[in-house]
Structure formats: C-alpha cells, structure tokens
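Residue strings, one per chain:
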Amino acid sequence: MNSLYFSWKAIWKRRSSTIFISLIWATGLLGFASIQRLNNGVSNALQLQLENTDLLLSAKGSPTRSILANVFHLNEPDGNILRSEVDELIRNYNLQNVRRIAYGDNYNGFRILGCDSATWNNINYIEIKGNLPQKSNDVIIGRNVAQKTGLKIGERFHGTHGLMEHDHNHETTFYTVSGIIYSNAPSWNRLIMGSMNSVWRAHGYSDSNYTAVLARIDNPLDKLLIPKKIQEESSIMAVSPAFEVNNVLNWMHQSSKIFSAISFLFLITAALIMFFLLQSHVKERLGDYALLRALGASWWKIAKIVLWQNIILGSFAILLTYAGLAFIWFGQYTSITLDEIFQKEVYWDLSLDIKWMFACIVLSILTSIGPWIWLQRIPLHRALVDS
Amino acid sequence: MLSSSIIESNLNGSSIIFPSITIPKGELLLLKGKSGSGKSTFLHSVAGLVPLLRGHIKIEGHGEISKNIVPKNWRKNALTIIPQRPLFWQSLTVEENIRLSEWSKDIESENIEYILEKLGIIDLSKKAVNKLSLGQQQRLSAARALISKVPVVLADEPTAALDEENTNTLINLFKEHQSETGCSILVSSHDNRLDSIADQIVIL
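The structure displayed is predicted, hence computed values, not measured ones. (Residues numbered from 1 in each chain as written. Chains lettered and ligands numbered in written order. Predicted model: local features only at pLDDT ≥ 70, side-chain atom pairs only at ≥ 80, totals over all residues. Heavy atoms only, no water.)

Enquirer: Help me out: how do you make sense of the overall build of chain B in this one?
Expert: Looking only at helices and strands, one finds 6 helices and 12 strands in chain B. Against the globule reference of 17 Å for 204 residues, chain B gives a C-alpha radius of gyration of 16 Å, in line with a compact fold. Its C-alpha atoms put chain B at 45 × 35 × 35 Å along the principal axes. Of all 204 residues assigned to chain B, the portion counted as buried reaches 58%. (Helix = DSSP H or I, 4+ residues; strand = E, 2+ residues; numbered from the N terminus. Rg over C-alpha atoms; globule rule 2.2 N^0.38 Å. Buried < 20%, exposed > 50% of the residue type's maximum accessible area, 1.4 Å probe, protein only.)

Enquirer: Any chance you could explain the sheet that holds strand E3 (residues 14-18) of chain B here in plain terms?
Expert: The pairing of strands in a sheet happens through backbone hydrogen bonds and is either parallel or antiparallel. Residue and element names in this part refer to chain B. With antiparallel pairing, the 3 strands of this open sheet are ordered in space as E3-E2-E6. Looking along the sheet, the strands with just one partner apiece sit at the ends: E3 and strand E6 (52-54). Taking the axes of each pair of neighbouring strands and ignoring which way they run, one obtains an average angle of 35° across the sheet. Relative to E6, strand E2 (residues 7-11) runs antiparallel, the two sharing 2 bridges. Looking at E6, one finds that glutamate 8 is bridged to arginine 54. Against the sheet, helix H1 (residues 39-46) touches E2, E3 and E6, its axis set at about 100° to E2. (Pairing = 2+ DSSP bridges. Axes fitted to C-alpha atoms, helices over the stretch in contact; angles between N-to-C directions. Contact = heavy atoms within 4.5 Å.)

Enquirer: Is there a simple way to think about the interface of chain B and chain A in this case?
Expert: Often the size quoted for an interface is simply the accessible area lost on bringing the parts together. If you look at the interface, chain B gives 26 residues, while chain A gives 27 residues. Between chain B and chain A, a total of about 2,700 Å² is buried, with carbon and sulfur atoms accounting for 64% of that surface. Per-residue buried area on chain B facing chain A is highest for Leu87, Trp89 and Trp103 of chain B; these three make up 30% of the total on that side. Connecting chain B to chain A are 2 salt bridges. With a shortest N-O distance of 2.6 Å, aspartate 106 of chain B and lysine 301 of chain A are connected by a salt bridge. The interface formed by chain B and chain A holds 7 residue pairs in polar contact (both at pLDDT 80 or more) in total. Counting residues per element, the ones that place at least two in the side of chain B that touches chain A are H1, helix H2 (74-78) and helix H3 (94-105) of chain B. No other element matches the 7 residues that H3 of chain B contributes to the side of chain B that touches chain A. Looking at the side of chain B that touches chain A residue by residue, the class counts come to 10 nonpolar, 8 polar and 8 charged. (Buried area = accessible area lost by both parts, 1.4 Å probe. Salt bridge = Lys/Arg side-chain N within 4 Å of Asp/Glu carboxyl O. Polar contact = N/O pair within 3.5 Å; in protein donor to acceptor, adjacent residues only side chain to side chain. Nonpolar A, V, L, I, M, F, W, Y, C, P; charged D, E, K, R; others polar.)

Enquirer: Is there a simple way to think about the side chain of threonine 159 of chain B in this case?
Expert: Residues and elements named next belong to chain B. Here threonine 159 shows up in the loop between strand E10 (152-156) and helix H6 (164-181). Since its relative accessible area comes to 2%, threonine 159 is described here as buried. Polar contacts involving the side chain of threonine 159 include one to the side chain of aspartate 191, which spans 2.7 Å. Beyond its immediate sequence surroundings of up to four residues, threonine 159 is in contact with Gln138, Thr167, Leu170, Ser189, Asp191, Arg193 and Leu194.

Enquirer: How should I be thinking about the side chain of serine 104 of chain B in this particular structure?
Expert: Looking at where serine 104 of chain B falls in the secondary structure, it is placed in helix H3. From its side chain, serine 104 of chain B meets the backbone oxygen of leucine 100 of chain B in a polar contact 2.8 Å long. The residues contacting serine 104 of chain B, other than those within four sequence positions of it, are Leu292, Leu295, Gly296, Ala297 and Lys301 of chain A together with Lys76 of chain B.

Enquirer: How should the sheet that holds strand E4 (residues 21-23) of chain B be read in this particular structure?
Expert: Residue and element names in this part refer to chain B. Read from one edge to the other, the open sheet built from 4 strands follows the order E4-E1-E7-E8, with strand pairing classed as antiparallel. The open sheet has two edge strands with one neighbour each: E4 and strand E8 (64-66). Shown here is a sheet whose adjacent strand axes are inclined to one another by a mean of 10°, direction ignored. In terms of strand pairing, strand E1 (residues 2-4) meets strand E7 (residues 56-59) through 3 bridges, oriented antiparallel. When the sheet's bridge partners are listed, leucine 2 is paired in E7 with isoleucine 59.

Written as structure tokens, this is what we have:
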C-alpha cells in the first residue's frame, strides 16, 4: 500500500464531490477539445476540397456563389460556360489537372454531376463499395446520398429536372448505381456522379456545355496573374478559390479564438472551484492528516496524498472529456452536418490533446499548493483532541 | 529511556508547567489527575505536538525536544501514540488502517495478526472501521501503536471505553510488548485498574 492507494481510497469515499469537481474540469476541457476539432475538421475538409484547385472558371456572377456551387456543391451555379470558349482558354494557359464538370438533374434533392475522367481521379475517397462508372449511364453515389435515399448498388433511378427535389421527371433517362463512395472531403458524399455524356444525354444534348472548369496552376506568380487575365480577356469568370476560402478560414480562426477564450475561462473557474473545494476537503479531513502526522508520517508523505488526489481528479476530468468527445462522435451519426465537420482523421488525432492534458495535470499540481501550505499549519494537538 | 526536565508547554497562548519525569527502559509511568489537569497536553508535548516554552524532553538515542525544535523523525522512530479518541481513516478497513500506520512509519510489521488476535479483533480486519464499536476502535488504536517497536509508547486514556476483560487483555499486551521491546510506556488515565502495572505514578 502506498500514497496512491490511500489517495484513491480517500477519493472513493467522497465519490459525489469527486464526480462534481471532475465534471466542472471536463466541461472546460471539452470546450477546448471540441473547438480545436471543429477548427481542424473544417480546415481539413476545405483543404481537401480545394486540392489541385487554384483556378475556377464559371459563368459570370458572384465569385463566392460560384465557389460554393462548383467547388463545395452547396449552391446553385449562375449558369453554364461555352465549351468552345473554355477549351480555347485551356489551350492558351499553362493549366494542369483540368477538370470539367456539368450540372445535371437531381434525385431526391441530391445533385447529379457530370464529370470528366480528370475529376474522377481528383476525388479523395476513403472507401469505395462497388466500382467507378463503367457504362455511360452508370453513376457513383456519395455515402450521404445512399443513407438518405436508400439507393443500393445495381439499383436504377431516374433524375428530376432542375435542382429542386420535386421538379419534373426525366423518366426516359435512367441511371444505374455502380458504386458508393465515402470521402473525407464532405461534398463528394452528397453528390451523384456520372459521366459528362449521361448528363448531356438527359437533356437531349441541347445544353452540352460545362458548368465549371477547375484547374491547378503550378507557378505561384501565374496563380495571381491567370485569373486576372482570363477575367479581362473573356466572358468567363475566373476566380482563385484558395484565396477566397483562406479569408473564410481566417474569419473562422478568429471566431474559434473567442470560443477558446471562453473555454479557458471555464477551465480557470474550474481550477478555482477545485482549489476552494480542496481547501474545504483538507479542512474536513484535518483529523485524518493530523493523525498521519501524529503517527510519524512526514509532511512530504501527506503532501503526496493530496497531490495524488488532485492528479486522480485531473485524470478523471481527462477521461470524462474523452467520454464527452466520444458522445459527440457517436452523436454525429444522427446529424449529417456534424458528420461533415468532425472528420475521423482529425477527430481522433490524440496528439492534438497533449497541450490541454499537460495543462490539466499542471493545474492539478498547482491546486495542491494551497492545501500543502494549509497542511503545514495543522494545529495537531487541537485536531487530535477535537476530531 | 524517556526523561524530561520541568517543562512549560505553550497551549494556544497559555502556558502549563509540568514536573520532570524519567521512565527507564521497560518501565511504565502512570499519569493521573483530574480532567483538565493537562494529562493529554503533557503527552502531546512529549510527542512534539505542543510547543515548549522552556525545558527539554529526551529519548535516549533519538535526541531531545527543546522549545519549538523537534528532532527529525521524532514521531516516526522514537515514539508511538494512542490518542484519547480513537482516530482512523473512515474510508479504510481495519487492516488498511494498520497498513496506514506502517506506511507512515516506513515499517513492515510481522506481528499484526498476533496483536489483532490478542485484542480479539482479528475477525474484523476486512471490516470498515466505522462499523466498529467504540471499544473495538480503542483496541484497534492500541494495536496500531503496538505494531511498531519504538522506544516510547504514549497512551492517552487507553482503557476509557474498555470493559474489565478487554482492559486486562490490553494490560497484558502492554507488559508483553514491554518485555519484548524494552520500551518505556507513558500512560495517562483515570482508570485505577492500571495502578497495579505502573512502576511509577505521577499525579498532576
């Protein structure tokens, strides 16, 4: 039996106050940890979506709307761009990894996106069930589409014209699900992706243009100059999605700093409450500590008991924080929005937590100092007579 | 051997003067007196729990207390104390409370079971200490003190809650411990049953 054992027994005796103190700690820590995960998850998702996309060509309109529609697939595009004009631009500029996309119909509110082969190659997927499209009417669906619509591999469906869920059907054009993908870039999980021809065919080739073209530019200077030149020389809008998204990310980081500061306040409040609770805990147990001193235990031995108690409380707080994180993680399965924000690779990257775990243990040690000073002043005679 | 000069103890600002005593090895001194005469304060002064204004207290081989200066490891190596009220960690069992005493003194006793058996509480060793009667707690308090082989045992009203039979058991255990370790025992008590085993009686 050692100081850790006796500390544990003392803490176990006061289970309710132990849980109360740990919960207060865990609330602050959970605030920290979840904001950090939210930040990293969103940044990671945006970065993945922006991979190889230094240039976006689309119909003239709002740049933000165009990025949301054509990169993140969250909005309706402003229109189409002429194939002939785009193809000429692509020939004239030094662009790499050029991907052409065309918006088609929708199925139950999920968009059908016509993609060229370069787009297929650019999709970051973690897992694929079935195959990428082999035939002209094959489509691959994102995980969220499969979950919401119940579509399975091999099933056939027909699209609805436009982007609204209940617009009129194109009953003559059927699509067949060839595979289901799960991507860590969330927008792919919300799309139905087929060949460019299948989308054009659904409209009788009457509108066989592109909705947007995305490309990579390797030369850093060109990244700045090419969008400007295209804007000046053509009727096509050219924007740099990375530039726009960075502004959004900077704004997000500022907001998360405010939330982190609130969590930090929580943590400090928790530490103060813990400090005062421990003071009263030590006063309550004055007889116990006086007894140890009377039995011959050194001050350091008693201090170790207090220290272990605080470290156990801090460790409980860390465990409760992870329980809270696990709760959020499993809770997200009921909400697709959360699923897209909290990403597995980022969410369970425990190296992110080292700082706050370390801070928690340091606080545990610091909050022991008060009781240590108090313990040195125990009036042993009175404590033994009055206890 | 325990010896003290005339000492003046400082108890919360008021001073109490005690006579000099000497307890040779293997002897028992019984301290008697009315309630409030300072018996517990004297024992606590010897234990270094109450500061001295003057005088000194010496335990052979372990140094001496002089004024506020208590030698290092005084209560760990030089003496053991049975407090007036049986004090325990309520969160621990009987056995764990004994182990707590061992841990406090950095010792490992071989005679725990023997002492618990002698005092009739061996069957209670796994029981939570707050389930014991006052008499059982007093016996446990004595057992906790007697597991260590230190030169001085201080016992503050050790038989206050004990019946005739358990008082006799404790007296016998004191004698046995004394003959085995050669320790000096200082007992404060109103209990006349202890007069028969005392080598000296001091009345405060």
